[in-house]
Amino acid sequence: MALSVSGLRLALSGRPILNGIDLAIAPGQVTALIGPNGSGKSTLLRSMAGLQRPDAGQVALNGAPVATIPPRELARALAFLPQSPIQPEGSTVRSLVERGRTPYLGTFRPMTAADRRAVDRAIAQTGLGDIADRRAATLSGGQRQRAFIAMTLSQETPVLLLDEPTTYLDLPHQIELLRLVRRINREMGHTIVMVLHDINLACRHADTIVGVRDGRIVLDGPAAQVITQDGLRVLFAADLRVIQPGAQGAPIVLPE
Amino acid sequence: MTRPAVTFGLCAVMLGLAAALLRVDGPLGPGATDRLILLHIRLPRMLLAGLTGAMLGMAGSLLQTVLRNPLATPDVIGFGGGAAAGVAVSIVTTGGLALVLPAALVGGGLSAVLVLGLTWRNGVQPLQLVLVGVAANLMLFALTDVLLSLAPGLQAGETARFLTGSFAAAHWPAVAWAALACALAGAVALATGFGLSRLDMGDDLARSQGLNPSRLRLVAIVLSAALTSLEVGQSGPLPFVALLAGPIARHLLGVGGPAIFHAALVGAALALAADLAAHLPIGGTTLPAGLYTSLVGGPAMLAIILMSKERS
C-alpha cells in the first residue's frame, strides 16, 4: 500500500512544525524517521495517521487523501501506535490485543471467530502466547511494548505507524523489539514507518532512513548512503564520526 | 462477583427499597382512600425517587467515563450549579415554583454551553473542562447565595427548601418526564456503549482505531447536563449520587470500563434509600432526602478512595 506525503505544512498554536514535506514511503519496507528533538518527526507520523489536520498539502494512501477516507475504513488500512498508550485498568495481554479489532466491531457487532483468530495470530506472532492471560499491569517494559505491537497487528492493516516504539526500553529490549518489527515486515509484508531516536539502531533495522530537521526532510535513502558525516551535520548541526563498515554492514555513528 | 450476579443483586436491593418505601408510612388497606394514597402519593414518590437516582447515576458515570476522571460529575463541573442558580432566579423573581423546571433547564443548559464554549479547542478538552467547570460551579453557587441573601424571607426560605432536594412533592407528570429521560439516556448509553468503552487508552489510539472521541464526549456531556438540569428542576439537587453511583458500580463489577447501566441501578438504590431515610422521624420532624445523600456522600467518597488505594 502506497503512502505518500506532498507539500505538507502544519503549525501548532502558531508555531510552524512542518514546512513543506514531500515524502514517498516505500511499500513493504521499514522506514525510520530520525531527527533532533522538536524536528517535527512525531507530528509528521501523526499527520500520516490522519490524526493531525495539515494547514496545506496532504497525506495520501494509494492516491486517496487520508482526510477524505472514513475513519473506520482508514483504521482498517493503517494502524498507529502512540508513544505511550494508556493501559486500561484491569486489562490483560489478550484484552489489550483485542482492542486492535475496534475498527471491525461496534455496539451491535460483537467479536466473531474471525476476530478471535486475528487476535490469536497477533499474540502468536509476538511470542506472547505463554502470558496471554497475564494482567497487563504485571508486564515488563519489553513485554508491554510487544503487547502493544500485537494490538496494532490484530488491527490487520497493511500499514503500521509506530511512534518511538523503543522508548523506556533498555538496549537489549530495544533490539529485541526492532527485530520483531523487522520479522513482521519480512513475514507479512507490512509497510512500517517508525520514529526512532537511536541512529545506530535505525541503521540496522530499517531499509530507509528519513531525516527530519526543522519540519523539512533533509535525508531520505538507505542508511549506507545517507548516514554520512555530511548527512548528520545537516541533520543534527553537529559533528559526529561515522564508520562505514563496507558493503554489507550498516554505518556506525560515534560521538566525536 | 459475576456481571449477572451484580445485576440481580442490585435489582433485588432496589426492589426491596422500593417496597419498603411504599409501606414506610404504614400499611395500606384495600379501601378507596388507601388506594388514592397509594396511587397519588406513595407510588409517584417512590417511582420519582428511583428514576431520579437512575438519571443521576447515568449522568455521573457518563461524564466520569468520557472525561476519564472520577471527580468529573455534573454537580461538580457546573451543570448542577447552573440548574440550581436557575431555580433560585425563578423562585426569587416569580415568588413561586411555577417556572422552576424550565428555569433549571435553562440554567443548566447555559452553564454547559459556557463551560464547553470556554474550553473547546478542536473538540472537548477533558482536563480543561473539569477545571473550568469547577470554577463555574463555585461562581454559580455564589450567585445562588447572593440571590438567597437578597430575596425576601419567604422566597429565600422556599428556594433554600427546594435546593435541599426532596421527593415529597412528587406527582405523575414528573414521573413521566423522568421515565422519558431515563429511556432516552438508556438508549444513548446503549448506542454509544461500544465507543465509550474504548476511550480509556487515549484519544490518539481511539481515533486511529476509527472512533470519534470528541463526538462521543459531546453527546455524553449534553445528555448529562440535560439529565442533571431536569433532575434539579424536579426534585432539587441530590448531592453525591452522580458521583458515587459509577465508582460503586465499577467496584462491585470488579472490572474497568464504563458501567452506565449498573450505575443507573446503584443511583436508583441510593436515591430510594435516601428517600426512605427521609421518612424517619427526627426530633418530631423529617429531613429531606438531599440532606441524607449530602451527609453520607462525603464519607462514602472517602471510603471509595481508600478502598481503591488498597486494591492498587
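Above this text is the structure in question.
Parameters and conventions
- Residues numbered from 1 in each chain as written.
- Chains lettered and ligands numbered in written order.
- Predicted model: local features only at pLDDT ≥ 70, side-chain atom pairs only at ≥ 80, totals over all residues.
- Heavy atoms only, no water.
- Buried < 20%, exposed > 50% of the residue type's maximum accessible area, 1.4 Å probe, protein only.
- Helix = DSSP H or I, 4+ residues; strand = E, 2+ residues; numbered from the N terminus.
- Pairing = 2+ DSSP bridges.
- Right-handed = clockwise from strand over helix to strand, strands pointing away.
- Core = buried A, V, L, I, M, F, W, Y, C linked by side-chain atoms within 4.5 Å.
- Contact = heavy atoms within 4.5 Å.
- Salt bridge = Lys/Arg side-chain N within 4 Å of Asp/Glu carboxyl O.
- Buried area = accessible area lost by both parts, 1.4 Å probe.
- Polar contact = N/O pair within 3.5 Å; in protein donor to acceptor, adjacent residues only side chain to side chain.

**Some remarks on the pairing of strand β8 (residues 191-195) of chain A**
Residues and elements named next belong to chain A.
Thinking step 1. Burial analysis of β8 places 5 of its 5 residues in the buried class, the great majority of the element.
Thinking step 2. Side chains Thr191, Val193 and Val195 of β8 all project onto a buried face; the interleaved residues Ile192 and Met194 project onto the opposite face, where all are buried too.
Thinking step 3. Sheet topology places strand β3 (residues 30-34) next to β8; 4 bridges connect them, and they run parallel. Counted as the bridge partner of Thr31 is Val193 from β8.
Thinking step 4. Inspection of the sheet shows strand β7 (residues 159-163) paired to β8 by 5 bridges, in the parallel sense. Pairing of Leu161 across the sheet is with Val193, part of β8.
Thinking step 5. With respect to chirality, the unit in which β7 leads through helix α6 (residues 171-188) into the neighbouring parallel β8 is right-handed.

**Observations concerning the nonpolar core**
Thinking step 1. In this structure, Leu67(B), Leu129(B), Ile221(B), Leu227(B) and Leu272(B) are the most contacted members of the largest nonpolar core, which totals 70 residues.
Thinking step 2. Listed by contribution, the elements that provide at least two residues to this core are α1 (3-23), α2 (32-66), α4 (100-119), α5 (126-150), α7 (172-196), α9 (213-235), α10 (241-253) and α11 (260-277) of chain B.
Thinking step 3. Leave out the neighbours within four places in its chain, and Leu67(B) touches Ala72(B), Ile77(B), Val124(B), Pro126(B), Leu129(B), Val130(B), Arg217(B) and Ile221(B).
Thinking step 4. Val30(A), Ala79(A), Ile149(A) and Leu162(A) belong to the second-largest nonpolar core, a separate cluster that totals 51 residues.

**Examining the side chain of Ser39(A)**
Thinking step 1. Locating Ser39(A) in the fold gives a position in the loop between β3 and α1 (41-48).
Thinking step 2. Residues contacting Ser39(A), with those up to four places away along its chain left out, are Ile17(A), Val212(A), Arg213(A), Asp214(A) and Gly215(A).

**Here we look at the pattern of salt bridges**
Thinking step 1. All chains considered together, the criterion is met by 18 salt bridges over all chains.
Thinking step 2. Across the pair Asp115(A) and Arg101(A) runs a salt bridge whose closest N-O atoms are separated by 2.9 Å. A residue pair is termed long-range when its members are at least 10 positions apart, and Asp115(A) in helix α4 (residues 113-125) and Arg101(A) in the loop between α3 (93-98) and α4 qualify at 14 residues.
Thinking step 3. With a closest N to O distance of 3.2 Å, Glu158(B) and Arg161(B) form a salt bridge. Placement of both Glu158(B) and Arg161(B) in helix α6 (residues 153-162) is noted, with a separation of 3 residues, approximately one turn of the helix.
Thinking step 4. Of the residues examined, Glu158(B) reaches a relative accessible area of 25% and is grouped as partly exposed.
Thinking step 5. Overlapping salt bridges bring together Arg101(A), Asp115(A), Arg121(A) and Glu156(A) as one network.

**Regarding the interface of chain B and chain A**
Often the size quoted for an interface is simply the accessible area lost on bringing the parts together.
Thinking step 1. With 20 residues of chain B in contact, the opposing surface of chain A contributes 26 residues.
Thinking step 2. Taken as a group, Phe194(B), Met201(B) and Gln209(B) account for 34% of the area that chain B buries against chain A, more than any other trio of residues on that side.
Thinking step 3. With a shortest N-O distance of 2.2 Å, Arg46(A) and Asp204(B) are connected by a salt bridge.
Thinking step 4. Our count for the chain B to chain A interface comes out at 9 residue pairs in polar contact (both at pLDDT 80 or more).

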